[in-house]
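One-letter residues, chain by chain:
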Amino acid sequence: MTAPTTPEPELIAEDLLLLLFDPRSGTIAGENTLFYTLAGAVLTELALAGHVEIDGRPALTGPRVSAVAGNPPADPLLHEPWDRLAEKPRGAQTFLAEVGPRLREPLLDRLVERGHVGREKRKALGFIPTTALTDGGTPRRAELVAAVRPVLADGAEPDPRTAVLAALLSASGSLPTLHRDIPWSGAVYTRGKALEHGDWGAAAAGEAVLRTTVAVTTASAAIALAAVQNNP
């Protein structure tokens with residue numbers, strides 16, 4: 001069985017954030033470690049487009065990431081992280097920690113601008129101004145879930161982009177909280193870990209560089225996430 005194709009791309013990080021958003025509650029799964037998850041998506045996007053190179057050899061702060069000279073990304077959300085690497089290569093875990101905290105708000109702004117997520121002004125206790133996130137009403141999140149769910153829950157073979165999203169979702173540690181959309185089970189956990197390690201099936205057999213990139217990124221993100229969770 002082959003999974004439905006993921007809708008045509010906005011940034012991987014945008015789609016990942018939208019998948020982590022629960023339109024029923026207005027919350028985002030994994031908020032405490034979200035910056036590592038989003039930074040992993042940005043690193044993957046930079047590598048896939050040839051803007052950075054990742055040295056897969058083990059190192060103290062993760063594999064070394066360096067900018068490809070003369071090939072900056074056009075998207076401003078990717079350009080700033082690329083500039084950092086152009087100044088000085090970094091270990092993957094260092095890169096995730098530096099870049100991640102700056103990503104949530106601009107990515108969320110994009111989702112609002114595209115109509116995928118809404119913002120509502122409300123008052124807590126009747127007088128404290130707050131802003132709530134709401135379902136924007138577009139079909140994009142449902143389309144993304146429809147692509148990712150059979151890959152994780154049923155073992156369907158993914159297209160490369162869907163494999164990336166499913167692997168990053170798994171690495172985020174947030175799949176159990178998404179059980180309304182992707183029923184949680186031991187099999188889903190196992191499938192997610194296999195995707196993290198590049199086991200994507202015949203449909204992505206020719207994507208060796210992509211699979212290696214995702215494996216390096218998710219491993220670095222998982223190590224960083226574990227460090228945060230063990231030292232709250």
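Above this text is the structure in question.
Description of the structure in this document. (Residues numbered from 1 in each chain as written. Predicted model: local features only at pLDDT ≥ 70, side-chain atom pairs only at ≥ 80, totals over all residues. Heavy atoms only, no water.)

Comments concerning empty space enclosed by the protein
Here is step 1: Under the defined criterion, the tally for this structure stands at one cavity of 30 Å³ or more.
Here is step 2: Looking at the largest cavity, its volume works out to about 30 Å³.
Here is step 3: Within the lining of the largest cavity, the residues separate by chemical class into one nonpolar, one polar and five charged. (1 Å grid on protein atoms, 1.4 Å probe; cavity = no way out; pocket = protein on both sides within 12 Å on 5 of 7 lines; lining within 4 Å. Points joined across faces, edges and corners; volume = space filled by probe spheres on them. Nonpolar A, V, L, I, M, F, W, Y, C, P; charged D, E, K, R; others polar.)

Some points on the packing of helix α1 (residues 12-20) against helix α7 (residues 160-172)
Here is step 1: Between α1 and α7, whose axes approach to 10 Å, the crossing angle comes to 55 degrees. With respect to α7, the element α1 is oriented oblique. Like other packed secondary-structure pairs, α1 and α7 cross with a definite hand, here right-handed. For the pair formed by α1 and α7, the contact residues are I12, D15, L16, L19 and L20 on the first element and R161, V164, L165, L168, L169 and S172 on the second. (Axes fitted to C-alpha atoms, helices over the stretch in contact; angles between N-to-C directions. Helix = DSSP H or I, 4+ residues; strand = E, 2+ residues; numbered from the N terminus. Parallel < 35°, antiparallel > 145°, perpendicular 65-115°, else oblique. Left-handed = near helix turned anticlockwise from the far one by under 90°. Contact = heavy atoms within 4.5 Å.)

Some details on the side chain of S66
Here is step 1: Mapped onto the fold, S66 is located in strand β4 (residues 64-67).
Here is step 2: When sequence neighbours within four positions are dropped, the list of residues in contact with S66 reads H51, V52, E53, L85 and P89.

Quick notes on helix α4 (residues 92-99)
Here is step 1: Those residues of α4 not exposed but buried are A92, Q93, F95, L96 and V99. Seen from one end, α4 has its buried residues packed into an arc of 160 degrees, which puts them on one side. (Buried < 20%, exposed > 50% of the residue type's maximum accessible area, 1.4 Å probe, protein only. Arc of directions from axis to C-beta.)

Description of the sheet that holds β4
Here is step 1: Across the sheet, three strands lie side by side as β3-β4-β5; this open sheet has antiparallel pairing. The sheet is open, and its two edges are formed by β3 (52-55) and β5 (90-91), each paired on a single side.
Here is step 2: Across four bridges, the pairing between β3 and β4 is antiparallel. Following the sheet pairing, I54 is matched in β4 by V65.
Here is step 3: Lying over the sheet, helix α2 (residues 34-48) contacts β3 and β4, oriented at roughly 105 degrees with respect to β3. (Pairing = 2+ DSSP bridges.)

So, the packing of α1 against helix α6 (residues 140-153)
Any two packed helices are characterised by how steeply their axes cross, that is the angle between the axes, and by the distance between the axes.
Here is step 1: It is at 10 Å that the axes of α1 and α6 come closest, and there the two elements cross at 90 degrees. If you check the angle between α1 and α6, you find them roughly perpendicular. Of the residues in α6, those touching α1 at D15, L18 and L19 are R140, R141, L144, V145 and V148.
Here is step 2: Its residues assigned to classes, the contact of α1 with α6 shows five nonpolar, no polar and three charged.

Focus: the nonpolar core
Soluble globular proteins tend to bury their nonpolar side chains together.
Here is step 1: With 57 residues, the main nonpolar core has L17, L20, V52, L103, V148, L152 and L169 as its most contacted residues.
Here is step 2: No other element matches α2, which puts nine residues into this core.
Here is step 3: Ignoring anything within four residues of it in the chain, the contact list for V52 reads L43, L46, A47, V65, S66, A67, V68, W82 and L85. (Core = buried A, V, L, I, M, F, W, Y, C linked by side-chain atoms within 4.5 Å.)

Some points on the pattern of salt bridges
Working definition: two side chains of opposite charge can pair if their charged atoms are close together.
Here is step 1: Within the structure shown, the criterion is met by 18 salt bridges.
Here is step 2: The salt bridge involving R140 is made with E10; its shortest N-O contact spans 3.7 Å. One end of the pair, R140, is in helix α6; the other, E10, is in the segment before α1, with 130 residues separating them in the sequence.
Here is step 3: According to the relative accessible area criterion, R140 is buried, its value standing at 8%.
Here is step 4: Of the charged contacts, one joins E105 and R104 as a salt bridge, the two residues approaching to 2.4 Å between their closest N and O atoms.
Here is step 5: When salt bridges with common partners are traced through the structure, they connect E10, E14, D15, D75, R110, R114, R140 and R161 into a single cluster. (Salt bridge = Lys/Arg side-chain N within 4 Å of Asp/Glu carboxyl O.)

Digging into the packing of aromatic side chains
Here is step 1: A full pass over the atoms with the stated rule returns two aromatic pairs.
Here is step 2: On the basis of an interplanar angle of 35 degrees and a centroid distance of 4.5 Å, the ring pair of F35 and Y36 is categorised as tilted.
Here is step 3: Residue class for Y36 comes out buried when judged on its relative accessible area of 11%.
Here is step 4: Judged by centre distance (6.4 Å) and plane angle (85 degrees), the rings of W184 and Y189 are edge-to-face.
Here is step 5: By relative accessible area, Y189 is classed as partly exposed at 45%. (Phe/Tyr/Trp six-rings, centres within 6.5 Å; stacked < 30°, edge-to-face > 60°.)

Some remarks on the environment of T134
Here is step 1: Of note, T134 is situated in strand β7 (residues 128-135).
Here is step 2: Separated by 22 residues in sequence, T134 and V112 place their C-alpha atoms 9.6 Å apart.
Here is step 3: Setting aside anything within four residues of it in sequence, one finds T134 in contact with F21, V117, G118, R119, E120 and R122.

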